[in-house]
Amino acid sequence: MPQPNTLTALYLQPVNTRQAFYSTERYEIGRFKTEDGKRKLWWHSSRGVSDPVRMRKHYDIWWCPVWEFDGF
């Protein structure tokens with residue numbers, strides 16, 4: 001897992017063919033963040049907030065750090 005608050009890209013691939021029927025593989029960009037004073041990580045992206053432990057039940061997760069940039 002990357003360090004908390006690091007901009008990260010995730011590639012989410014469904015675990016099995018049954019799961020692939022209901023959801024597709026996709027990419028997301030966001031950050032893993034912790035609650036104040038706690039160790040639990042949450043995934044924050046444009047799709048909302050997700051629990052990475054639950055996501056792993058449905059997807060194989062590949063991650064890559066992304067360098068921040070000043071773009072449009």
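What you see is a predicted model; the values in this text were computed from it and never measured. (Residues numbered from 1 in each chain as written. Predicted model: local features only at pLDDT ≥ 70, side-chain atom pairs only at ≥ 80, totals over all residues. Heavy atoms only, no water.)

S.K.: Hey, could you go over unusual backbone geometry for me, with residue numbers and the actual values?
M.R.: Its identity as a non-glycine residue notwithstanding, Asn5 has a phi of 70°, on the positive side. Structurally, Asn5 is set in the segment before β1 (7–14). (Helix = DSSP H or I, 4+ residues; strand = E, 2+ residues; numbered from the N terminus.)

S.K.: Outline the pattern of salt bridges, listing residues and values.
M.R.: A side chain with one charge may pair with a side chain of the opposite charge, provided their charged atoms come close. Tallied over the full model, the rule gives five salt bridges. In this structure, Glu68 engages Arg31 in a salt bridge whose closest nitrogen and oxygen atoms are separated by 3.3 Å. Here Glu68, found in the segment after β5 (59–65), pairs with Arg31, found in strand β2 (residues 26–34); they are 37 residues apart in sequence, far enough to count as distant. Given the relative accessible area of 57%, Glu68 is considered exposed. Accessibility expressed as a relative area gives 22% for Arg31, which makes it partly exposed. Lys40 is the partner of Asp51 in a salt bridge, and the nearest nitrogen-oxygen pair spans 2.5 Å. In this pair, Asp51 is assigned in the loop between β4 (48–50) and α2 (52–58) and Lys40 in the loop between β2 and β3 (41–45), connecting sequence segments 11 residues apart. What you see here is one network of salt bridges that share partners, running through Arg26, Glu28 and Arg47. (Salt bridge = Lys/Arg side-chain N within 4 Å of Asp/Glu carboxyl O. Buried < 20%, exposed > 50% of the residue type's maximum accessible area, 1.4 Å probe, protein only.)

S.K.: Pulling in residues and values, what's your account of the layout of surface pockets?
M.R.: Counted as a void, the largest pocket has a volume near 180 Å³. Lining the largest pocket are Met1, Leu10, Phe32, Lys40, Leu41, Trp43, Pro52, Val53, Met55, Arg56, Ile61 and Trp63. Residue assignment for the lining of the largest pocket shows that the elements contributing at least two residues are β3, α2 and β5. Broken down by element, the lining of the largest pocket gets its largest block of residues, four residues, from α2. In terms of residue class, the lining of the largest pocket is built from 10 nonpolar, no polar and two charged. (1 Å grid on protein atoms, 1.4 Å probe; cavity = no way out; pocket = protein on both sides within 12 Å on 5 of 7 lines; lining within 4 Å. Points joined across faces, edges and corners; volume = space filled by probe spheres on them. Nonpolar A, V, L, I, M, F, W, Y, C, P; charged D, E, K, R; others polar.)

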